[in-house]
Amino acid sequence: MPDPSRKLIILCEGQHDCLFIKNLLDDRPLKHATKEEIRDAPRDGELWIIKKFYRDSGLKYLIKDEDGKKRCIDTFCELYDMETDWNMFVVLDSDEGRTLRLFRRTALDTLRKDILLQHDGCLHTTKDPKKHRVFFIPGSLEEEVRSSTRKNLDIGDRDKQQQDIRQFVDGGTDWVERLRSLLVSS
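Residues numbered from 1 in each chain as written. Predicted model: local features only at pLDDT ≥ 70, side-chain atom pairs only at ≥ 80, totals over all residues. Heavy atoms only, no water.

(A) Quick look at the pairing of strand S7 (residues 133-137). Burial analysis of S7 places five of its five residues in the buried class, the great majority of the element. Neither face of S7 is left uncovered, since the one carrying Arg 133, Phe 135 and Ile 137 and the one carrying Val 134 and Phe 136 both have all their residues buried. Pairing between strand S4 (residues 86-93) and S7: five bridges, direction parallel. Note that in S7 the partner of Val 91 across the bridge is Phe 135. Pairing of strand S6 (residues 123-126) with S7 involves three bridges; the strand directions are antiparallel. When the bridges of S7 are listed, Leu 123 appears paired with Phe 135. (Buried < 20%, exposed > 50% of the residue type's maximum accessible area, 1.4 Å probe, protein only. Helix = DSSP H or I, 4+ residues; strand = E, 2+ residues; numbered from the N terminus. Pairing = 2+ DSSP bridges.)

Next comes the structure, spelled out in structure tokens:
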């Protein structure tokens, strides 16, 4: 079980996912690292952003926009074997199981071991004592929002997207409430 007193790094595959996670964590102390911040950071930008977050005692959560599922998985694998004092939580679209297969293949190629333990269709944890969590959104977030609210997240500015995501979160599907609970307890 992850240590709830430790800071939590949440890796997301894109902007919509980050806005979604920010909604789930409502008024909790968090930092949102956009793909632009990561790209414009010094040479070791990933670690620089994480170290800066880790030093800030007022923050509990870091949400990182990884700009795609492949990069999100690669970043997780890069950080996985480090001696760290934080928990990690990865949120990815399932895409009918394709993302899980990509995650397993990438971890096996990069880390040379199978690291995931499946608990159900959405939740996986790593097999190590830290029990980092990986959550697969059924289908994709965009499809779930469109199905539930009839809104398209690709239309409109950031404020409109935020409003559409809030409407979706307020609709309260089972997996959304479960993800919120897992994030808050991590």
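(B) Main features of the environment of Gln 162. Checked against the element boundaries, Gln 162 lands in helix H7 (residues 158-171). In this structure the C-alpha to C-alpha distance between Gln 162 and Phe 136, which are 26 residues apart in sequence, comes to 21 Å. Not counting chain neighbours up to four residues away, the residues in contact with Gln 162 comprise Leu 19 and Asn 23. (Contact = heavy atoms within 4.5 Å.)

(C) Local environment of the packing of aromatic side chains. In the structure shown here, the tally under the stated rule is seven aromatic pairs. With centroids separated by 6.1 Å and ring planes inclined at 65°, the aromatic side chains of Tyr 54 and Trp 86 adopt a geometry described as edge-to-face. You can see Tyr 54 sitting in helix H3 (residues 45-55) and its partner Trp 86 sitting in strand S4, a full 32 residues away along the chain. The class of Tyr 54 is partly exposed, set by a relative accessible area of 34%. Between the aromatic rings of Phe 76 and Tyr 80, the centroid separation amounts to 5.7 Å while the plane-to-plane angle is 40°, which identifies the pairing as tilted. Of this pair, Phe 76 and Tyr 80 both sit in helix H4 (residues 69-80), four residues apart, which is roughly one turn of the helix. Through pairs of rings, three or more aromatic residues link up here, namely Phe 20, Phe 135, Phe 168 and Trp 175. The ring of Phe 53 carries the charged tip of Lys 7 above its face, separated from the ring centre by 4.6 Å. (Phe/Tyr/Trp six-rings, centres within 6.5 Å; stacked < 30°, edge-to-face > 60°. Lys NZ or Arg CZ within 6 Å of the ring centre and 35° of its normal.)

Everything listed is a geometric property; what it means functionally is a separate question.
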